[in-house]
Structure formats: C-alpha cells, structure tokens
Amino acid sequence: MAYLLGNGLLVHIHLLFLLLATGSHVQPVHGGLRAEGLVEGTTEVISHSQGLVARLEGLLVLGNNSDISLRVETVDADEVKVIQAHTLVLSLQSRVFEEMLRNRNSSMLVLRETAECTAVFEKFIRYLYCGELTLQLDQATPLHRLATKYGISSLQQGLTQYMSKNLACDSVGGYVVGWYQYAFSVGDMTLRDNCLQFLSWNLSSVLQSAEWPSVSVDLLMTLLQRSDLVLKNELELFEALEIWLTRNDPDTLTAENALRLVRYAMIPPRELFRLQRQSAIMTRYHDSVRDLLYMSYQFHSASPLQLAKFFDVNCSLFVPRNYLSSMWGSQWVISNPARDDRSTSFQTQLGPSGFDSSKRVTWNALFSPRWLPLSMRPMYTEQGAMQPPRPDGGSAIARPRVIITPATSSADFAGVSFQKTVLILTKQKNKLVVRHIFGFHQSTEEVGDFLLGEDLQYRTSEYLVDGSLYLHIIVKPIYQTLIATKK
C-alpha cells in the first residue's frame with residue numbers, strides 16, 4: 001500500500017504502521033475520571049520514545065522496507081558505500097534530501113563526498129533516524145560539513161557547541177586552527193568567533209603547538225592586529241612569526257605586512273639588538289621594518305612624553321597587549337572565593353619604555369565576594385549620622401569585585417594611564433585556559449558584568465579550579481599623550 005505525499009514522493013505507509021503498532025501498550029487516561037492513585041485533572045506523560053528510536057535504528061541496520069539506496073562515492077577515490085534507507089525519513093529530516101529524492105529517476109541516489117565525509121556518512125544517516133550519534137574529535141568537521149550540506153540545523157548547532165567546548169583539547173596537532181579555518185569557509189560565524197576568541201586569549205599555547213605553521217594568511221593578519229592577545233611577551237610573538245614565515249615562505253608583500261604588525265616598542269632594546277644580529281628573517285626584511293625599529297629605539301631611549309613632542313607616535317606600536325610576564329602583572333589564586341575579602345600586592349614596571357624600566361609601581365588588589373555598588377552603601381552626614389542608601393540602588397545585588405589601586409603616588413605617573421585587565425582562568429581538558437577578560441581602570445565595578453550571575457559557592461562551579469578562583473591581573477601603562485587623537 002502506498003501514499004502520495006504533497007511533494008510527489010511515493011512512500012510505504014506500512015512503515016508508519018510498523019513503528020506505531022509495536023509501541024508500548026498503555027491504558028488511556030481520560031480527563032475528569034478518577035483512577036486509583038490519580039487525582040482528578042492530573043496530567044500524565046506517557047512516552048515510548050526510546051523504543052521508537054530503537055525500532056528506527058533497526059529499520060536502518062536491517063534495511064527493512066527500504067525504498068531507496070544511497071550510493072556514496074568518494075571523490076578522487078574508488079571507495080563506495082551503499083546504504084539502504086527510507087524516503088520518508090530522509091525527506092522529513094532534510095529539505096535537501098527531499099528535493100533530491102523528488103527529482104531522482106531510479107531507486108538509487110548517487111552522492112559524491114570527500115573521503116572524510118564518506119568515512120562518517122553512516123553516522124550522519126544514523127543521526128537522521130535516531131537523533132543522536134557518538135563521535136570523536138577528528139570526526140567533528142566532516143560531520144559538520146554533511147550537516148551543513150544537507151541542511152540538518154540541529155546537528156550543525158550541536159556540532160558547533162561540541163567543537164566550541166573542546167577548543168582546548170590536548171592532541172598532537174590540535175584542532176582549533178583547523179576548525180577556525182573550516183568555520184570561516186562554510187560561514188559558521190558562531191564557531192568562527194569562538195575559535196578566534198580562544199586563539200586570541202590562549203595564544204601562547206597555540207604558538208607552541210604543531211598547528212601554528214598551518215595558520216592561514218588571513219587568520220595570521222587578524223591575530224597580529226589584535227590588542228587583546230594573551231601571551232608571554234611581544235618577543236614570543238615575533239619568534240613564532242619567524243617560524244611561520246620560514247615554514248610557509250609567503251610572498252614578499254605578505255611577509256612585510258606581517259612583520260610590520262609586530263609591536264617592536266614592547267620588546268626591550270637588548271632583544272631588538274639581538275634580533276637584528278641573529279634573526280635570518282629580520283636580516284632578510286630589515287629594510288621593511290627599519291622605520292619601526294628606529295622609532296622603537298627612540299621610544300626606549302628618551303622620555304616618552306618628550307618623544308611625543310617631536311614624532312608622530314599615535315599608533316598601535318606603542319600599545320601593549322595582554323602580556324603574562326611578571327613585569328606586567330601577577331597571577332592570583334583565591335581559595336574559597338565565596339567567603340571573605342582577600343588582598344594581595346604586586347609590582348609592575350612603570351611603563352614599557354626603557355626610559356621607565358628601572359621604575360616600579362606597587363599595586364594593592366582587593367577581591368570581595370559581596371561588593372556593594374556605591375548607590376547601595378550607607379552614607380554618613382557631617383554629624384556622623386547614617387543615612388539609608390539612595391533609592392536608585394534598591395534593585396542592586398552584591399556581586400564579586402576586584403579593586404586595584406597603586407600603593408603610593410608619584411610624579412612619574414603624570415601622563416600615564418593605567419589600564420587594568422583581569423583574566424579569568426578555568427580548566428578545560430586538564431589545561432588552564434582563559435575563560436573571560438575584563439578591562440577597567442580602578443575596579444571591576446566599572447564593567448558591570450564581572451562574574452555576573454556566576455555562583456562561586458560550589459566547588460563544581462565552571463569558573464573555579466578545584467574550588468579556587470584563578471585570576472591573572474595585568475596592568476597596562478599607556479602614555480596618554482601618545483594615543484591622544486590629533487586635531
């Protein structure tokens with residue numbers, strides 16, 4: 001017996017009878033009737049979805065009542081897979097399959113796929129029947145490609161989430177670079193942005209991985225232009241770029257453009273001298289970056305405020321990234337962060353210029369698990385009487401806060417703006433990775449969303465590592481006159 005669907009496909013209706021007739025037997029529940037153990041008007045849910053999924057899987061495995069053969073041919077290879085399937089299931093799950101099946105002229109549908117996609121095609125079809133699949137990391141990209149090609153949005157979104165949660169996987173080659181480049185090619189903006197953020201915030205580990213030389217030119221340029229890169233120092237970035245240029249040997253224009261995005265002024269003069277003498281890449285492209293090196297040496301040898309009077313130095317060359325070395329900040333591990341206020345002190349160099357290399361600033365940092373906004377704090381009159389909080393703060397809630405202030409003031413601070421950055425580190429795949437970055441001037445109260453809605457009461461919180469809050473505080477001194485907009 002056959003049934004003509006609106007799309008013109010003939011399908012066997014007894015396939016539906018087969019699935020429904022074997023369902024679990026249940027007694028109907030009628031509204032308004034009283035039964036033992038039930039209260040009148042009670043709603044009950046009866047489900048045999050697990051049994052239904054098992055029978056659908058059985059149809060696929062055994063090929064019972066199959067009315068279409070999928071012949072999967074591997075591009076540029078002789079490998080062929082034949083899968084017995086059902087037009088009803090394929091058409092209901094995929095409009096792409098529905099169109100292809102409508103226009104077929106035989107009981108066989110020929111599909112051409114890459115070797116990677118062919119290898120996981122049976123998993124893909126099983127998902128259409130059962131709504132679930134098991135996979136390994138190296139199968140994520142071909143499965144995502146199939147989901148995209150055949151318009152299976154639920155699988156595509158699930159794979160995007162799976163890949164985003166496994167960016168920190170510790171494998172020989174790594175996956176995040178390849179996943180970024182794949183996401184860019186298929187237009188998955190969510191996966192692309194998640195990969196780019198992970199790459200930017202955990203760049204040191206990526207630079208040391210086997211994936212680094214495979215970074216595309218577009219991704220390389222995108223990373224080099226960002227100021228939120230998290231890495232040890234700018235020298236680490238130059239040395240990684242040197243490896244990339246040596247392995248890939250790009251055209252001269254690409255190499256020059258990449259080298260001009262290095263912030264040489266953030267590298268100490270002694271290291272710049274060493275690079276000019278020992279680096280083959282620096283020797284080869286020295287003329288392309290000569291002006292940047294010249295400006296960097298002047299930046300390190302003279303007062304930055306004096307230098308700005310004579311040279312146009314309003315550019316990213318003089319803006320630090322998020323450096324992890326001790327001269328720029330300190331890591332802070334807070335145990336039991338839901339309990340009492342905690343404090344710590346650390347020192348940083350006054351500024352990135354060599355002129356300020358011997359000057360240190362001591363910082364006091366306070367972490368409070370229940371910080372009240374100013375509008376919520378009690379106020380005191382001149383006579384010492386306490387006034388209630390202002391009414392505009394009635395809905396505010398005490399939240400975790402970090403406050404960072406200098407221990408002393410100095411005339412050397414004139415013209416220097418201190419940008420504070422707090423990295424929140426969490427553990428993924430047994431590795432510490434940066435989960436969030438918050439930038440502010442004095443307190444995280446300025447950003448408003450610092451650990452907003454995150455419960456630090458439980459050791460299992462995704463923001464804690466073994467019950468402790470891992471922070472890394474970075475102080476980025478920026479010379480105000482260097483970045484002022486020219487009139």
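Predicted model only: the values in this text are computed from it and were never measured. (Residues numbered from 1 in each chain as written. Predicted model: local features only at pLDDT ≥ 70, side-chain atom pairs only at ≥ 80, totals over all residues. Heavy atoms only, no water.)

1. Describing the nonpolar core
A general trend in soluble globular proteins is that nonpolar side chains are found buried together.
Part 1 of the argument: Counting residues in each nonpolar core, the largest one holds 93 residues, and the members touching the most others are Trp 212, Leu 259, Tyr 264 and Val 422.
Part 2 of the argument: With near-sequence residues (within four places) excluded, Trp 212 lies in contact with Val 206, Leu 207, Leu 220, Leu 223, Ala 240, Leu 241 and Trp 244.
Part 3 of the argument: Counting residues in hydrophobic clusters, the runner-up holds 29 residues, among them Leu 70, Val 72, Cys 117 and Leu 133. (Core = buried A, V, L, I, M, F, W, Y, C linked by side-chain atoms within 4.5 Å. Buried < 20%, exposed > 50% of the residue type's maximum accessible area, 1.4 Å probe, protein only. Contact = heavy atoms within 4.5 Å.)

2. Quick look at the side chain of Asn 322
Part 1 of the argument: Examined against the element boundaries, Asn 322 turns out to sit in strand β7 (residues 322–323).
Part 2 of the argument: In this view, Asn 322 contacts Ser 227, Asp 228, Leu 229, Val 230, Leu 231, Thr 421, Ile 437, Ile 474 and Lys 476; residues no more than four positions away in its chain are not counted. (Helix = DSSP H or I, 4+ residues; strand = E, 2+ residues; numbered from the N terminus.)

3. Description of the sheet that holds strand β3 (residues 68–74)
Part 1 of the argument: In space, the three strands of this open sheet follow the order β4-β3-β5, with mixed pairing throughout. Each having just a single partner strand, β4 (80–85) and β5 (108–113) make up the two edges of the open sheet. On average, each strand axis in the sheet is tilted by 20 degrees relative to the strand beside it, whichever way the strands run.
Part 2 of the argument: Bridge count between β3 and β5: six bridges; the pairing is parallel. Within β5, the position partnered with Ser 69 by the bridge is Met 108.
Part 3 of the argument: Its contacts with the sheet place helix α4 (residues 95–102) against β3 and β5, and it is angled at close to 130 degrees to β5. (Pairing = 2+ DSSP bridges. Axes fitted to C-alpha atoms, helices over the stretch in contact; angles between N-to-C directions.)

4. Some words on the packing of helix α13 (residues 234–248) against helix α14 (residues 252–259)
Part 1 of the argument: The interhelical angle for the contact between α13 and α14, taken along N-to-C directions, is 170 degrees, at an axis separation of 11 Å. Taken as axis vectors, α13 and α14 run roughly antiparallel relative to one another. Taken together, the residues of α14 that come into contact with α13 (itself represented by Phe 238, Leu 241 and Leu 245) are Ala 255, Ala 258 and Leu 259.
Part 2 of the argument: In terms of residue class, the contact of α13 with α14 is made up of six nonpolar, no polar and no charged. (Parallel < 35°, antiparallel > 145°, perpendicular 65-115°, else oblique. Nonpolar A, V, L, I, M, F, W, Y, C, P; charged D, E, K, R; others polar.)

5. Digging into the environment of Arg 95
Part 1 of the argument: Structurally, Arg 95 is set in helix α4.
Part 2 of the argument: Here the alpha-carbon distance between Arg 95 and Tyr 150, two residues 55 residues apart in the chain, equals 7.5 Å.

6. Quick word on the environment of Ile 125
Part 1 of the argument: Examined against the element boundaries, Ile 125 turns out to sit in helix α6 (residues 121–130).
Part 2 of the argument: For the pair Ile 125 and Val 89, spaced 36 residues apart in the sequence, the C-alpha separation amounts to 9.9 Å.
Part 3 of the argument: With near-sequence residues (within four places) excluded, Ile 125 lies in contact with Leu 60, Leu 70, Ile 83, Leu 90 and Phe 97.

7. Concerning the pattern of salt bridges
Part 1 of the argument: Taken as a whole and assessed by the stated rule, the structure comprises 16 salt bridges.
Part 2 of the argument: Put simply, Glu 99 and Arg 102 hold a salt bridge, and the shortest N to O gap is 2.4 Å. Of this pair, Glu 99 and Arg 102 are both found in helix α4, three residues apart, which corresponds to roughly one turn of the helix.
Part 3 of the argument: Exposure remark for Glu 99: the relative accessible area of 39% places this residue in the partly exposed category.
Part 4 of the argument: Taking relative accessible area as the criterion, Arg 102 reaches 36% and is therefore assigned partly exposed.
Part 5 of the argument: Through salt bridges with shared partners, a single ionic network connects Arg 71, Glu 73 and Arg 112. (Salt bridge = Lys/Arg side-chain N within 4 Å of Asp/Glu carboxyl O.)

8. Remarks on the sheet that holds strand β9 (residues 342–349)
Part 1 of the argument: Strand order in the open sheet made by the three strands is β9-β10-β13, with antiparallel pairing throughout. Strand pairing shows two members of the sheet lacking a second neighbour, β9 and β13 (399–406), which therefore form its edges. Direction aside, neighbouring strands of the sheet carry axes that sit 25 degrees apart on average.
Part 2 of the argument: As defined by bridge partners, β9 adjoins strand β10 (residues 360–371) across eight bridges and the pair is classed as antiparallel. Paired with Phe 346 across the strands is Trp 363, a residue of β10.

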